[in-house]
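Below, each chain spelled out in residue letters.
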Amino acid sequence: MLFSSLTFLYAFIPLCFGLYLVAKRTRHRNYILVLFSLVFYAWGEPMWIFLLLFTSFFNYGLGLLIGRWKHCKPVIVLLVLAVTINLSLLLFFKYGGFIWDNLDALFSLPFARPTNTLPIGISFYTFQAISYLVDIKRGTVEPQRNPLYFLLYISFFPQLIAGPIVRYNLVAEALMYRKVDWNDVAAGLNRFCFGLFKKVLIANVAGKFVALYLETNFGSLACAEAWFGIAMFSVQLYFDFSGYSDMAIGLARMFGFRFEENFRHPYAAISCGDFYRRWHISLGNFFRDYVYIPLGGNRRHHERNIFIVWSLTGIWHGANWNFLLWGMYFGVFMIIEKKMKSVLDKTPGIVKHLYTLFLTVFSWSIFYFTDFSKLKAFVINLFYSKSAINPQFFPDLLEHTFWFAVVIILCMPWDEFFPPKSRVYQWTAKGYKYLAPVTNVAFLCASTAMLVGSTYNPFIYFRF
Amino acid sequence: MNKFSAILFFTILCIGFASYFVISADAISSEEKRKLSTFPKMQWQNYIQGHLTDSIDNYIDDHFPLRKRFIDMADEINYYKGLHANSGEKIVQPIVPIVQTEPDNDKPEDIDDAGDVDDVDDAGDTNDLLATDSPKEHKTTEKNIVYDNINGYFQNDMLILNGAAFPISGGIPGKTKPFAQMVNDYAEKLAGQVRVITAVAPLSSAFIPKRKYRYLNAQNQRTLETLHRYLSPDVCFSDVFAHLNAHSTEYIFFKTDHHWTALGAYYAYEAFCEATGITPVPKENMEKRTKPRFLGSLYSLTHDRNVKRNPDSVVYYVPHIATTASYFERETNQEVRNSVFCHKCKGYDTFLHMDYPLMRIKTNAKNGKKIVVIKDSMGNAFVVYLINHYEELWVVDFRYSEHNLMNLIQKNNINDMVFVVGMYNAQSRSVAKKMKRLGTQNFVNQEVNDTIISAAPIVSDTVPAITNDTLNNTTNTDTVNEQDTIK
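As the structure is a computational prediction, the values presented were derived from the model and not from experiment.

**Quick look at the overall build of chain B**
Okay, step 1: In terms of regular secondary structure, chain B is built from 17 helices and 15 strands.
Okay, step 2: Per-residue burial for chain B yields a buried fraction of 46% across its 487 residues.
Okay, step 3: Considering only intrachain contacts with a sequence separation of at least 6, the fraction spanning at least 24 residues in chain B is 75%.

Following this line, the structure appears as structure tokens:
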């Protein structure tokens with residue numbers, strides 16, 4: 001099920017939250033959330049829910065074992081084994097087809113290609129499980145004793161299918177005891193509505209441009225149109241992903257859980273390193289804590305570590321070479337930035353910002369095209385084209401003027417311009433408190449209209 | 001304030017949820033011309049395959065409370081996303097419609113050869129002047145092909161000029177050959193027995209009232225002239241284009257629909273009369289009726305605000321001649337009484353109600369002349385004028401008919417046969433094949449076929465008693481008993 005579906009908005013939430021309010025004790029509330037999370041997952045994945053259940057109970061048991069023997073040295077073997085099994089599942093289900101394709105090209109494999117579909121959310125919940133086990137071994141968290149509570153941690157529907165990757169220490173206390181008041185609910189709702197708005201009214205609209213300008217014959221695109229297309233993909237990707245994170249954070253808050261921020265205005269970044277700290281923060285933190293620092297961080301083999309982390313970040317996004325290339329692209333630029341630190345320090349902020357924005361937007365073309373021949377054609381099209389601009393291009397831009405303005409405003413780091421202590425911030429916060437009921441309902445209605453509007457499908461045939 | 005905000009929001013969500021159970025949802029959407037999805041069967045197997053939840057999602061999408069209002073609201077939101085040049089002229093991309101075949105009629109084997117599919121698909125061939133007009137490619141799969149000239153409309157961009165929608169295409173002259181060949185074959189086979197006539201409608205693009213688009217007028221003309229050249233001398237070619245072009249500033253095509261108006265069809269009828277040597281009945285001798293506010297297919301495909309603000313009115317002319325009409329049900333082939341005009345229908349359905357596979361109209365012209373009309377929906381507005389001149393008319397919709405055309409011609413002693421289609425259909429190889437097959441195909445139930453076609457005239461000037469059963473079987477019960485006898 002998707003957050004931005006009418007089923008979720010007008011059936012799942014009222015039922016789930018209604019029951020949640022009726023139940024008063026945390027234990028009962030947890031059971032309700034587990035039940036609804038499983039329904040949420042099973043709605044889209046009738047079969048893979050068993051994989052989710054297996055991952056949950058397997059890691060629950062291992063968590064207990066590791067917790068009991070965490071002071072004994074040999075427990076490291078158990079941990080390595082557990083992490084290996086988790087990663088193997090991920091490798092098999094997510095990368096099986098990709099690995100097979102490449103091996104088959106080299107050795108022509110005697111067995112058939114795995115044909116499974118990707119279990120939704122496996123990249124997220126596998127990482128959550130791994131972080132849980134490692135943290136127990138490190139002694140930063142205590143193992144969860146109640147299997148259903150642990151199942152809730154793994155399968156909690158707000159974060160289940162598109163993150164953020166929630167670390168156990170963040171929610172450990174809330175799982176056992178939490179208080180939900182109307183302030184939390186309202187704050188969560190505001191966040192949820194804003195996320196819904198970003199997803200439905202920004203990302204989906206940008207998606208139409210993407211389909212128009214990137215799913216086309218590149219010879220017919222003028223350079224400006226190609227750049228516009230990839231810029232629209234940048235908008236779509238950011239608003240889609242961050243809108244989803246906003247909705248997840250908002251929903252969790254409504255139920256009394258606090259998640260960390262996952263995006264912090266990434267397009268305001270002034271270097272690739274800065275971009276990494278602003279984009280998909282929960283994934284970045286995961287790799288930082290479980291790969292980068294164990295490898296030596298910035299003390300030993302710094303450049304190698306950056307490169308490895310970025311490569312992993314790249315391939316995490318999808319089972320294809322282009323994602324790896326995308327990761328390595330950023331890795332290389334981060335290393336270059338490190339080498340040229342003295343030059344960068346003297347460069348004015350606006351130049352650094354433009355340089356990063358250019359690199360980022362360009363990088364999305366590597367991210368978008370899984371087919372290298374298409375990527376090549378597109379990159380050529382970005383810089384060289386004989387085609388004239390389609391006469392429809394400018395009227396199209398004109399018809400989206402206000403929309404572009406909103407996109408640009410939402411990409412700006414307003415909370416960095418006006419930090420929470422500033423007067424502007426406080427006035428805005430005060431005003432928003434009274435404005436929120438109106439904006440929430442407006443966002444909901446507009447999103448509903450757009451979602452219903454997208455179901456408008458004129459039938460080509462004239463008779464039924 | 002926070003509590004109020006949260007409660008307000010959840011109340012709205014809950015009202016939305018509750019209304020699923022209260023609001024009785026429509027089974028069909030008249031604007032989208034499609035069936036809305038139905039609630040799925042709760043079966044385990046269904047669920048395991050992932051169909052169940054998808055179907056429930058679709059059901060909720062299709063039956064959402066106040067759906068039409070929300071769709072209109074989405075149009076408004078889209079409109080206010082930016083500024084609009086005030087020229088009254090813009091190019092839009094049609095909303096890509098669902099393409100489906102009729103479940104009962106277009107048997108998969110009828111839609112053969114991948115080559116066929118291409119025909120309808122590449123309405124913007126490289127030879128075409130307009131090749132670059134279509135940045136978006138639409139892949140119509142074999143199963144999706146439909147024999148309706150609306151097909152061509154969503155492949156190219158559309159022009160919206162002062163609230164009227166036009167296709168930006170003028171046809172591809174060379175592509176009319178298979179159609180012409182097919183007509184020639186019929187003419188040859190029926191030589192000396194049946195006169196074969198064509199009346200192919202140009203696209204409304206020929207008459208866009210702006211100099212910039214005059215080239216489309218020339219191209220429409222070229223396409224139809226090429227068709228004329230391909231036709232053998234035995235075939236009567238009605239120069240529909242010339243007659244429409246002489247009245248190009250009149251209201252001959254709908255602004256919101258891809259069909260011609262009754263007036264446009266009247267000029268085509270004049271062309272037909274000229275070609276066949278009969279005298280047309282002046283439209284002043286027919287009764288003029290008007291229906292306001294009609295938003296047709298081109299509005300459905302564009303959902304454009306300006307088009308919506310300029311709805312069409314359906315003006316039509318009812319000949320002063322008594323007729324009795326009936327159609328044959330699709331699956332059962334049962335004969336059901338109806339009428340030539342549907343005065344209660346909206347829009348283009350006024351003519352012949354809808355596209356029936358086979359329709360028979362008897363008139364009291366008493367001249368012994370009989371005609372068979374092979375048509376797509378363009379023919380509907382045209383046929384109504386022919387009742388002035390023929391005693392019996394058989395109207396075959398080539399897309400749906402499974403009756404054997406040759407049988408029909410032989411057993412009913414037909415004198416004339418006319419092809420009335422829109423230009424997109426006249427340049428499609430698959431359409432030509434389908435029309436050719438009309439001559440050889442057999443109705444699923446041959447027995448019924450024979451009975452129908454050779455039946456003694458059931459229809460007389462007096463309306464036979466209609467049983468309740470028959471009434472239940474018709475889709476237009478309100479007009480079933482109506483006789484278009486206007487003195």
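**Details of the overall build of chain A**
Okay, step 1: The secondary structure content of chain A amounts to 21 helices and zero strands.
Okay, step 2: Computed over the C-alpha atoms, the radius of gyration of chain A is 23 Å, within 12% of the 23 Å expected from 2.2 N^0.38 for a compact globule of 464 residues.
Okay, step 3: Oriented by its inertia axes, the alpha-carbon framework of chain A measures out at about 70 × 60 × 55 Å.
Okay, step 4: Evaluated residue by residue, chain A yields a buried proportion of 43% over its 464 residues.
Okay, step 5: Residue pairs at least 24 apart in sequence account for 73% of intrachain contacts in chain A once pairs closer than 6 positions are excluded.

**Observations concerning the sheet that holds strand S5 (residues 164–167) of chain B**
All names here are of chain B.
Okay, step 1: Taken in spatial order, the three strands make up an open sheet running S3-S4-S5, and their pairing is antiparallel. Looking at which strands have only one partner, the edges of the open sheet turn out to be strand S3 (89–92) and S5. Put simply, the sheet's adjacent strands are angled 25° from each other on average, direction ignored.
Okay, step 2: As defined by bridge partners, S3 adjoins strand S4 (residues 158–161) across four bridges and the pair is classed as antiparallel. By the bridge assignment for S4, Glu-89 is matched with Leu-161.

**As for the nonpolar core**
Okay, step 1: Formed by 133 residues in total, the largest nonpolar core has its most connected members in Leu-133, Tyr-153 and Ala-206 of chain A.
Okay, step 2: A per-element tally of this core places helix H9 (residues 182–214) of chain A first, with 17 residues.
Okay, step 3: Excluding residues within four positions of it along the chain, Ala-206 of chain A makes contact with Met-232, Val-235, Gln-236 and Phe-239 of chain A.
Okay, step 4: Within the second largest apolar cluster, 102 residues are counted, among which are Ala-187, Trp-260, Ile-361 and Ile-414 of chain B.

**A short note on the sheet that holds strand S15 (residues 416–422) of chain B**
Residue and element names in this part refer to chain B.
Okay, step 1: Here we have eight strands laid out as an open sheet, ordered S7-S6-S15-S13-S14-S12-S10-S11, and mixed in their pairing. The sheet is open, and its two edges are formed by strand S7 (236–237) and strand S11 (335–338), each paired on a single side.
Okay, step 2: When strand S10 (residues 323–328) meets S11, the two strands line up antiparallel, connected through four bridges. Residue pairing for S11: Ser-326 is matched across the bridge by Arg-337.

**Side note on helix H4 (residues 67–79) of chain B**
Okay, step 1: Here H4 of chain B spans 18 Å end to end across 13 residues, near enough to the 18 Å set by a 1.5 Å rise per residue.
Okay, step 2: Regarding H4 of chain B, the residues found buried are Arg-67, Phe-70, Ile-71 and Ala-74 of chain B. All buried residues of H4 of chain B lie within an arc of 105° about the axis, which places them on one face of the element. In H4 of chain B, the exposed residues that point more than 90 degrees away from the buried face are Arg-69, Glu-76 and Tyr-79 of chain B.
Okay, step 3: Of the surrounding elements, those touching the buried residues of H4 of chain B are helix H21 (423–453) of chain A.

**Section: the interface of chain B and chain A**
Okay, step 1: With 60 residues of chain B at the contact, the number on the chain A side is 52 residues.
Okay, step 2: Ranked by the residues each element gives to the side of chain B that touches chain A, the list is headed by helix H1 (residues 2–22) of chain B, at 13 residues.
Okay, step 3: Taken together, the residues that form the side of chain B that touches chain A break down as 34 nonpolar, eleven polar and 15 charged.

**Some words on helix H5 (residues 122–138) of chain A**
Residue and element names in this part refer to chain A.
Okay, step 1: The first and last C-alpha atoms of H5 sit 24 Å apart over 17 residues, in line with the 24 Å expected at 1.5 Å per residue.
Okay, step 2: Within H5, 15 of the 17 residues are buried, leaving the element largely enclosed by the surrounding structure.
Okay, step 3: In the stretch just after H5, Gly-139 is the one whose phi turns positive, near 85°.

**So, unusual backbone geometry**
Among all residues save glycine, negative phi is the norm, and among peptide bonds the norm is trans.
Okay, step 1: Here His-301 of chain A, not a glycine, exhibits a phi torsion of approximately 45°, which is positive.
Okay, step 2: Inspection of the secondary structure assignment puts His-301 of chain A in the loop between helix H12 (281–295) and helix H13 (302–316).

**Re the confidence of the model for chain A**
Residue and element names in this part refer to chain A.
Okay, step 1: Averaged over chain A, the pLDDT score is 88; the fraction of residues at 70 or greater is 98%.
Okay, step 2: The spread of mean pLDDT over the elements of chain A runs between helix H18 (residues 393–398), the lowest at 85, and helix H19 (residues 401–411), the highest at 94.
Okay, step 3: Segment residues 460–464 is flagged for pLDDT under 50; beyond a separation of four residues in sequence, or across chains, it makes 20 contacts in the model.

**With respect to the pairing of S5 of chain B**
Residues and elements named next belong to chain B.
Okay, step 1: Residue alternation in S5 divides its side chains into two sets, Ala-164 and Phe-166 and Ala-165 and Pro-167, and both sets are buried.
Okay, step 2: For S4 and S5, the ladder comprises four bridges, and the chain directions are antiparallel. Considered in S5, the bridge of Leu-159 is made with Phe-166.
Okay, step 3: What sits between the antiparallel neighbours S4 and S5 is a turn of two residues, in which Asn-162 has the positive phi angle 50°.

**Thoughts on the pairing of strand S12 (residues 358–363) of chain B**
All names here are of chain B.
Okay, step 1: Most of S12 is tucked away: six of the six residues are buried.
Okay, step 2: Bridge analysis of S10 against S12 gives five bridges, and the strand direction is antiparallel. Looking at the pairing, Ala-325 lines up with Ile-361 of S12.

**Section: the confidence of the model for chain B**
Residue and element names in this part refer to chain B.
Okay, step 1: A residue-level look at chain B finds 76% of positions with pLDDT of 70 or above and a mean pLDDT of 76.
Okay, step 2: Ignoring residues within four places in sequence, the model shows residues 100–147, a span with pLDDT below 50, making 84 contacts including any to other chains.
Okay, step 3: Below a pLDDT of 50 lies the segment residues 454–487, which in the model reaches 51 contacts outside its immediate sequence neighbourhood of four places, other chains included.

Conventions and cut-offs
Per chain, residue numbering runs from 1 following the sequence as it is written. Key to labels: chains lettered from A, ligands numbered from 1, both in the order written. Residue-level local features of this predicted model are given only where pLDDT is at least 70; pairs of side-chain atoms are given and counted only at 80 or more, and the full residue set underlies all totals for whole chains, interfaces and linings. Numbering goes from the N terminus for both helices and strands, where a helix is a DSSP run of H or I of at least four residues and a strand is a run of E of at least two. As a rule, residues whose C-beta atom has 12 or fewer other C-beta atoms within 10 Å are exposed, those with 20 or more are buried, and those in between are partly exposed; C-beta atoms are placed from the backbone. Any residue pair is listed as a contact if its two C-beta atoms, each placed from the backbone, are within 7 Å. Between the two quantities, the radius of gyration covers C-alpha atoms and the globule rule is 2.2 Å times the number of residues to the power 0.38. A pair of strands is labelled paired if DSSP reports no fewer than 2 bridges between them. Lines fitted to C-alpha atoms define the axes here, with helix axes fitted over just the stretch in contact, and angles between the N-to-C directions of these axes take values from 0 to 180 degrees. Joined through C-beta atoms within 7 Å, a set of buried Ala, Val, Leu, Ile, Met, Phe, Trp, Tyr and Cys residues constitutes a nonpolar core. One less than the residue count of a helix, multiplied by 1.5 Å, gives the span that helix is expected to have. Each direction from the helix axis to a C-beta atom contributes to the arc, which is the arc of those directions. Throughout, the ten residues Ala, Val, Leu, Ile, Met, Phe, Trp, Tyr, Cys and Pro are labelled nonpolar, Asp, Glu, Lys and Arg are labelled charged, and all others, Gly among them, are labelled polar. Each residue carries a pLDDT score, the predictor's confidence in it, ranging from 0 to 100.

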